[in-house]
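Geometric and topological summary
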Amino acid sequence: GDSVTQMEGPVTLSEEAFLTINCTYTATGYPSLFWYVQYPGEGLQLLLKATKADDKGSNKGFEATYRKETTSFHLEKGSVQVSDSAVYFCALREGGSEKLVFGKGTKLTVNP
Amino acid sequence: EAGVAQSPRYKIIEKRQSVAFWCNPISGHATLYWYQQILGQGPKLLIQFQNNGVVDDSQLPKDRFSAERLKGVDSTLKIQPAKLEDSAVYLCASSILAGVSEQYFGPGTRLTVT
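Presented here is a report on the structure given in the accompanying data block. The structure displayed is predicted, hence computed values, not measured ones. (Residues numbered from 1 in each chain as written. Chains lettered and ligands numbered in written order. Predicted model: local features only at pLDDT ≥ 70, side-chain atom pairs only at ≥ 80, totals over all residues. Heavy atoms only, no water.)

1. Observations concerning the interface of chain B and chain A
We count it as follows: Contacts are assigned to residue pairs with any non-hydrogen atoms lying within 4.5 Å of each other. Buried surface area refers to the total accessible area, computed with a probe of radius 1.4 Å, that the two partners give up upon joining, counted for both partners together. Salt bridges are counted wherever a side-chain nitrogen of Lys or Arg sits within 4 Å of a carboxyl oxygen of Asp or Glu. Each polar contact in these results corresponds to two N or O atoms within 3.5 Å; when the atoms are within protein, one needs to be able to donate a hydrogen and the other to accept it, and residues that are neighboring in sequence are counted only if both atoms are side-chain atoms. The helix count covers DSSP runs of H or I at least four residues long, the strand count covers runs of E at least two residues long, and both are numbered beginning at the N terminus.
With 23 residues of chain B in contact, the opposing surface of chain A contributes 15 residues. Both sides of the chain B and chain A interface together cover about 1400 Å² of buried area, and 51% of this is carbon and sulfur. Our count for the chain B to chain A interface comes out at 0 salt bridges. The interface formed by chain B and chain A includes 2 residue pairs in polar contact (both at pLDDT 80 or more). Going through the elements one at a time, β4 (31-37), β5 (44-50) and β6 (53-56) of chain B are the ones with two or more residues in the side of chain B that touches chain A. A total of 3 residues in the side of chain B that touches chain A trace back to one element, the largest contributor, which is β4(B).

Here is the structure:
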């Protein structure tokens, strides 16, 4: 079945450091790909998405590019802030299905 | 615009007891989802409603879990009897339409079974 694999956390960075969180997927078709963020005590929020190969999703300084050849959707940010501390989830949705399949999540802590 | 509301936020019960969670989706959202998020894992879909009909309940443990969405608005998820492995955060989400539209998540209910 479809699955998503994220890099193991937790990840601890200093403010203004570069962030990469790796995400790879397995799917039978052509899924849409998502990054969700969960701040402490809150529900999941959609951070960005890409619906086809080579699309780049971006929001709040975060970016991810849909790479079909490597089945990847890595999350990047050039300069993280303390307020970016959260848990980040990579997810996919198969075409024709409404079900989201999530990775295990990566906890990010940014220190001042 | 009000978000997805869930209650209670926290619940502690003993195994073999029953528990119910409530979800109020965003007004006008036809599709409602219940997810189970076990500590250290990503959310897993339990059941999806379109209005008051079930679209997908393939991962719902039907021997102990049940859910309903009366009148196509609020929804209740019940566990009876609870097991230790049911300890998790139960997330409710809603979307305007199934598939292409964004899912909006509530804050979740953290269940601890002792």
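2. Description of the state of the cysteines
To keep things clear, this is the line we draw: Any cysteine sulfur atom paired with another within 2.5 Å is treated as part of a disulfide. Between buried and exposed lies partly exposed: a residue is buried under 20% and exposed over 50% of the maximum accessible area for its type, with that area taken using a 1.4 Å probe on protein chains only.
Inspection of the entire model under this criterion finds 2 disulfides over all chains. Covalent S-S linkage joins A:Cys23 and A:Cys90, the inter-sulfur distance amounting to 2.0 Å. On the sign convention where negative is left-handed, the bridge of A:Cys23 and A:Cys90, at about -70° about the S-S bond, is left-handed. Here A:Cys23 is found in strand β4 (residues 23-26), whereas its partner A:Cys90 is found in strand β10 (residues 86-93), with 67 residues between them in sequence. Note on A:Cys23: relative accessible area 0%, which makes it buried. What makes A:Cys90 buried here is its relative accessible area of 1%. Shown here is the disulfide that connects B:Cys23 with B:Cys92, its sulfur atoms set 1.9 Å apart. Disulfide B:Cys23 to B:Cys92: torsion about the S-S bond roughly -70°, handedness left-handed. Of the two residues, B:Cys23 sits in strand β3 (residues 19-24) while B:Cys92 sits in strand β9 (residues 88-95), which places them 69 residues apart along the sequence. In this structure B:Cys92 comes out as buried when scored by relative accessible area, which is 0%.

3. Focus: the layout of surface pockets
Counted only if it meets this: Here a cavity means grid points, on a 1 Å grid over the protein atoms only, where a 1.4 Å probe fits yet cannot get out; a pocket means an open set of points with protein on both sides within 12 Å along at least five of seven lines; lining residues are those with an atom within 4 Å of a point. Grid points are joined across faces, edges and corners, and a volume is the space filled by probe spheres set on the points. Three classes are used: nonpolar for Ala, Val, Leu, Ile, Met, Phe, Trp, Tyr, Cys and Pro, charged for Asp, Glu, Lys and Arg, and polar for all others, with Gly counted as polar.
Size it by volume and the largest pocket reaches roughly 800 Å³. Around the largest pocket sit 37 residues that line it, and A:Gln38, A:Val87, B:Gln37, B:Leu39 and B:Arg110 are the ones nearest its centre. Elements with a minimum of two residues in the lining of the largest pocket: β1 (3-6), β10 and β12 (106-111) of chain A together with β9 and β11 (109-113) of chain B. Of the residues assigned to the lining of the largest pocket, the class counts are 15 nonpolar, 16 polar and 6 charged.

4. What to know about the nonpolar core
Where we set the bar: Definition of nonpolar core: a set of buried residues of the types Ala, Val, Leu, Ile, Met, Phe, Trp, Tyr and Cys, connected through side-chain atoms within 4.5 Å.
A:Trp35, A:Leu47, A:Leu48, A:Phe73, A:Leu75 and A:Tyr88 are the most contacted members of the largest nonpolar core, which totals 26 residues. Going through the elements one at a time, β2 (11-14), β3 (19-21), β4, β5 (32-38), β6 (44-50), β8 (62-65), β10 and β12 of chain A are the ones with two or more residues in this core. Broken down by element, the residue count for this core peaks at 4 residues, all from β10(A). Beyond its immediate sequence surroundings of up to four residues, A:Leu47 is in contact with A:Trp35, A:Tyr36, A:Val37, A:Asn59, A:Lys60, A:Phe62, A:Leu75 and A:Tyr88. With 21 residues, the next largest nonpolar core counts B:Ile26, B:Trp34, B:Cys92 and B:Leu111 among its residues.

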